[in-house]
Amino acid sequence: MITFSNVSLIYPNSRKTILENLTFTVDESELILVIGLTGAGKSSFMKLINGVIPHHTSGILSGEIIVDGKTTNLLKPGELSGVIGIVGQNPLNGFVTNKVEDEIAFGLETNGFAPEVMRKRVEELIDLLSLQSIRNRNLNSLSGGEQQRVAIASALVMNPKVLVLDEPTSALDPIAAEEVLAIINKLVHDLGLTVIMAEHKLERVIHFVDRIVLVNGDGKVDIGTPAEVMSRTSINPPIVKIAKKLNLKSIPLSVRDLKRVSMNWKFKVPIKSEVIQHNKQVIEVKNLEVSYQLVKAISGLNLQIHAGEIVALMGRNGAGKSSLLRAIAGANNNHSGTVKVLDKNPALLVGSQLVRLIGYVPQEPADLFYGTSVAKECQSADQDNQLAAGTTQKILRQLSTGIDNALHPRDISEGQKLILAIAIVLATDPKILILDEPTRGLDYQAKEVLVEILSKLAKSGTTIIMASHDVELVAEVASRVIVMAEGELIADGDTRSVLTSSPAFAPQMAKVFTKQNWLTVNDVISADIGDINPDA
Amino acid sequence: MNSLTWWLWSISLSIATLRTNNNWLMLLAILIFVVVVFKRRNLQAPLNAFALSIQLAVVALIIRLFFGTIIGTPLPGTVLISLPQLPMPDWLVGIRIGGDITSERIGSVLTESLKFSLILISFGAATCLSSPIEIIKAISSRLYFFAITLLIATSVLPQIVFSYKRVIAARRMRGMHKLNIFNFRTIITPVLEESLERAIDLSSAMESRGFGYHKKPTRYRPEKFSQSDLIVTIICGYLIIFIPTLLVSNGWLFTCCLFIVFSAAPLMLTEQRVANT
């Protein structure tokens, strides 16, 4: 279906080759997963398939890519619209109209299909993706999973042979992500569609893909079955990690695989759950109500948070997590009830009083940036906060050494942006650090760095509150989990008890070892598993 | 009603009123715009657009009134106040700053400013009443680049407002709470960068769905040109042509009544739009 022959790609003014002499073929109705660290060239690889490179961006391309008998070098992306359907990371960014039905019909309209054909196709797609109940809704009013389903429908309406999805679940909560992935699985199996998908959260997808393309970033690409590629790379989901640590012969890809292998394992030491007592109360929220126009985002919420805790806020998109974080940071003026941070009302604080108390990393870390280079960004952070020159830069280097000072803050990878934002915020040494969905678009490496930073900070007494959809990260780092729904707290407790009691939020290890209450790979390793048969 | 008819109605209502040169009729027209927008606005269009146009109109009115009375050519008539006049060089005869302020002067400035405000408000109303996407689709086959620019602008503009609010909040958390000319850059840079990225995203999404590659795009559910559209179009033509002469020949009360009845025709001919929930 897709043939790459001797494809090389390099960007002008860059010495790094993205792809070098790549030759491979994607068969019909294959499901290919594209992985790699952020910035390695996953997106470039995806853009090659529908000809956005070289037609829209300035990549220098040699070799040839043929999709369904058409050469992308010669045809513009628009001319391939009947062959390839594209679904982006953030569905809202690609929507042209405001209504579900109109959005699905848009591709047909521009391509001049007859009204009767359109009617039939739109109806088919509405059935295929179960959009009947929302067909007349405004696109802005849909949940993230519904939006992504509409985006898939509007890509499929042209009857393409290939569907390309660039991190389709990165903006979604775990439940919505499962919903979208289930649809993709169905499309491959029922319609025989060829699907190319990039995705960071491997634990969600590797068990149902046919092959993995690992883009290394140095020009080399590793292609093979999931088990092959997983055994060769260090980008591993928890299940593969544990298999490697225990030297298992066959690499399990799903919870089911590992569960069957581990049935007869004997565990010597049951894990002792160490609950550290946090006594000093730093944040107190009483009867908090937040509403936007007529919609209530938070209703009557009470909460106490203590010094040194790492609190993870979980729940669907729109459950009120961000509203709560903003209220704690004093950024909402539309709330009633009391919010006290170290006995002060954060909404009344300004300037240095505020930043010395609360550090806030927004959902888009780039909102904080306005400098023209990383170095200048650090300098202006020092000036803004009246700190000694070099303070921010020093913290940045402690957090990560790999960030190029000369680059523009918008040009560094997602993970590096987050670290830069954290460095700017930490420069004033705040007592409380708030992060709003810090893991969007982060790869495993960046997440590990984040876990390390947060654990260190918590040990030194900083209180951390973060909203996150990433159960594995929460399992690694949080000491307490709060689950929100419809603006209310529906679960609040230590990480272990909350995560293991909910099927939607359970990390992989908890799903495998249901009796032991383990959350992370380290839990399992440190439990000293007795004699296991590695050949099993 | 068809989106194009709404635009036609807004524009011709303002043209008809402008032709009368009458302050009261202009105020009446603004009132009609406000009522119709609140009764019949497109629930998918941002109401902010209308609120913004009213704010702009008020600001423009005040600024014009102020400068128009202080600076400009003097108009003889009843002197209300006499301000000290700045001496001007000989070659600038006819221009004065300060001096006598006559009621005729204020009257003429007021009319001029009201005209400007009315035009602003009529555009704001048309934006709220019609669906921008329908308008763009109507012109997309003819003027591709114009259409794509408009389409991107209409979908990125609300985004700019949204990201502006976000950046303001983020900025406060960087310890900056005062806004002035020197640090305005700290807001404008991230907002513009984000909207640029979004515009590029959207244009490539549209391209990959084949926008602009087919000579004759078709319509999935075209807005019909109904009987009420026809009636409103005829009424609009009548208003533009006859209102000024009516005012002269038939006097105040009759003109006002006719004006209200005719210009509020869309209210009677269309139904309240139902909110999608």
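Residues numbered from 1 in each chain as written. Chains lettered and ligands numbered in written order. Predicted model: local features only at pLDDT ≥ 70, side-chain atom pairs only at ≥ 80, totals over all residues. Heavy atoms only, no water.

A. Local environment of the domain arrangement of chain A. Residues and elements named next belong to chain A. Domain assignment breaks chain A into domain 1 (2–235), domain 2 (236–342 + 431–527) and domain 3 (365–428). Placing the centre of domain 1 and that of domain 2 at their C-alpha centroids yields a distance of 30 Å. Between domain 1 and domain 2, the contact holds 25 residues from the first and 24 residues from the second. A per-residue breakdown of the area domain 1 buries against domain 2 is headed by Asp173, Pro174 and Glu203, which together make up 26% of the total. For the pair domain 1 and domain 2, the interface holds zero salt bridges. Connecting domain 1 to domain 2 are seven residue pairs in polar contact (both at pLDDT 80 or more). Sorting the residues of the side of domain 1 that touches domain 2 by element identifies α7 (174–191), α8 (202–205) and α9 (226–232) as the ones contributing at least two each. Here the side of domain 1 that touches domain 2 gets four residues from one element, more than from any other, and that element is α9. (Domains from an automatic or database assignment. Contact = heavy atoms within 4.5 Å. Buried area = accessible area lost by both parts, 1.4 Å probe. Salt bridge = Lys/Arg side-chain N within 4 Å of Asp/Glu carboxyl O. Polar contact = N/O pair within 3.5 Å; in protein donor to acceptor, adjacent residues only side chain to side chain. Helix = DSSP H or I, 4+ residues; strand = E, 2+ residues; numbered from the N terminus.)

B. Local environment of empty space enclosed by the protein. Residue and element names in this part refer to chain A. What the rule picks out here adds up to five cavities of 30 Å³ or more. Approximately 130 Å³ is the volume attributed to the largest cavity. Around the largest cavity, the lining comprises 16 residues; the ones closest to its centre are Ser170, Lys201, Thr439, Arg440 and Gly441. In the lining of the largest cavity, the residues fall into one nonpolar, seven polar and eight charged. (1 Å grid on protein atoms, 1.4 Å probe; cavity = no way out; pocket = protein on both sides within 12 Å on 5 of 7 lines; lining within 4 Å. Points joined across faces, edges and corners; volume = space filled by probe spheres on them. Nonpolar A, V, L, I, M, F, W, Y, C, P; charged D, E, K, R; others polar.)

C. Here's a closer look at a nonpolar patch on the surface. Residues and elements named next belong to chain B. On the surface, Val59, Ile63, Phe66, Phe67, Ile71, Met88 and Ile95 cluster together into a nonpolar patch covering about 590 Å² of accessible area. Counting residues per element, the nonpolar patch draws most heavily on helix α3 (residues 48–70), at four residues. For Phe66, the location among the structural elements is in helix α3. (Patch = residues over 30% accessible without salt bridge, like charges linked within 9 Å, V, L, I, M, F, W, Y side chains within 5 Å. Areas by Shrake-Rupley, 256 points an atom, 1.4 Å probe, with all protein chains shown as cover.)

D. Just the UniProt feature "domain: ABC transporter" (unreviewed entry) in chain A, in detail. When the UniProt feature table is mapped to this numbering, "domain: ABC transporter" (unreviewed entry) covers residues 2–242 and 283–511 of chain A. Between the end C-alpha atoms of residues 2–242 of chain A the distance is 35 Å, and the span holds 37% helix and 24% strand. (UniProt positions renumbered as here; feature names shortened; annotations may be inferred.)

E. How the structure looks around the pattern of salt bridges. What the rule picks out here adds up to 23 salt bridges over all chains. The residue Arg410 of chain A makes a salt bridge to Glu197 of chain B at a minimum N-O spacing of 3.5 Å. One end of the pair, Arg410 of chain A, is in the loop between α15 (391–399) and α16 (414–426); the other, Glu197 of chain B, is in helix α7 (residues 185–208), on a second chain. A residue is classified by how much of its surface remains accessible, and Arg410 of chain A, at 14% relative accessible area, is buried. Residue classification places Glu197 of chain B among the partly exposed residues on the basis of a relative accessible area of 41%. Here Asp523 of chain A makes a salt bridge to Arg496 of chain A, at a shortest N to O gap of 3.1 Å. Residue Asp523 of chain A is found in helix α21 (residues 521–526), and its partner Arg496 of chain A is found in helix α19 (residues 495–501); the two are separated by 27 residues along the sequence. Assessed through its relative accessible area of 11%, Asp523 of chain A is described here as buried. (Buried < 20%, exposed > 50% of the residue type's maximum accessible area, 1.4 Å probe, protein only.)

F. Broad picture of helix α9 (residues 252–263) of chain B. All names here are of chain B. The first and last C-alpha atoms of α9 sit 16 Å apart over twelve residues, in line with the 16 Å expected at 1.5 Å per residue. Buried residues of α9: Thr255, Cys256, Leu258, Phe259 and Ser263, and no others. Each buried residue of α9 sits inside an arc of 170° when the element is viewed along its axis, so together they form one side. For α9, the secondary structure elements touched by its buried residues are α1 (3–20), α2 (23–40), α8 (227–250) and α10 (265–269). (Expected span 1.5 Å × (residues − 1). Arc of directions from axis to C-beta.)

G. Summary view of the sheet that holds strand β6 (residues 84–87) of chain A. Residue and element names in this part refer to chain A. Taken together, the six strands give an open sheet; going across it, the order is β6-β7-β8-β3-β9-β10, and neighbouring strands pair in mixed fashion. The open sheet has two free edges, formed respectively by β6 and β10 (221–224), since each of these has just one partner strand. Pairwise comparison of adjacent strand axes, ignoring direction, gives a mean angle of 15° for this sheet. As paired strands, strand β3 (residues 31–35) and strand β9 (residues 211–215) are joined by four bridges and run parallel to one another. Among the inter-strand pairings, Ile32 is bridged to a residue of β9, identified as Arg211. Across the face of the sheet, α7 comes into contact with β3, β7 (162–166) and β8 (194–198) while running at roughly 150° to β8. (Pairing = 2+ DSSP bridges. Axes fitted to C-alpha atoms, helices over the stretch in contact; angles between N-to-C directions.)

H. A look at the UniProt feature "transmembrane region" (unreviewed entry) in chain B. All names here are of chain B. The feature "transmembrane region" (unreviewed entry), as given by UniProt, occupies residues 20–38, 50–71, 142–164, 229–246 and 252–269 in the numbering adopted here. Helix makes up 95% of residues 50–71 and strand 5%, with an end-to-end C-alpha separation of 31 Å. Helix makes up 94% of residues 252–269 and strand 0%, with an end-to-end C-alpha separation of 26 Å.

I. Expanded view of the nonpolar core. Residues and elements named next belong to chain A. With 55 residues, the main nonpolar core has Ile104, Val150, Ile152, Leu163, Val195 and Met230 as its most contacted residues. No other element matches the eight residues that α7 contributes to this core. Split by domain, the residues of this core number at least three in each of domain 1 (2–235) and domain 2 (236–342 + 431–527). Not counting residues up to four positions away in its chain, the partners in contact with Val150 are Phe95, Val100, Glu103, Ile104, Leu131, Ile134, Leu139 and Leu142. Met314, Ala427, Leu442 and Ala458 belong to the second-largest nonpolar core, a separate cluster that totals 52 residues. (Core = buried A, V, L, I, M, F, W, Y, C linked by side-chain atoms within 4.5 Å.)

J. Geometry of the interface of chain A and chain B. In this complex, chain A contributes 65 residues to the contact, which on the side of chain B involves 41 residues. Both sides of the chain A and chain B interface together cover about 4,700 Å² of buried area, and 54% of this is carbon and sulfur. Among the residues of chain A in contact with chain B, Asp367, Tyr370 and Arg410 of chain A are the three that bury the most area, contributing 15% of the side total. At the junction of chain A and chain B, the tally comes to six salt bridges. Note that Asp384 of chain A is salt-bridged to Arg174 of chain B, the shortest N-O span being 3.7 Å. There are 16 residue pairs in polar contact (both at pLDDT 80 or more) connecting chain A and chain B. Looking at the side of chain A that touches chain B, the elements with two or more residues in it are β6, α3 (91–94), α4 (100–110), α5 (115–128), α13 (351–357), β15 (358–361) and α14 (374–384) of chain A. With nine residues, α4 of chain A is the largest single contributor of residues to the side of chain A that touches chain B. Split by residue class, the side of chain A that touches chain B holds 30 nonpolar, 20 polar and 15 charged.

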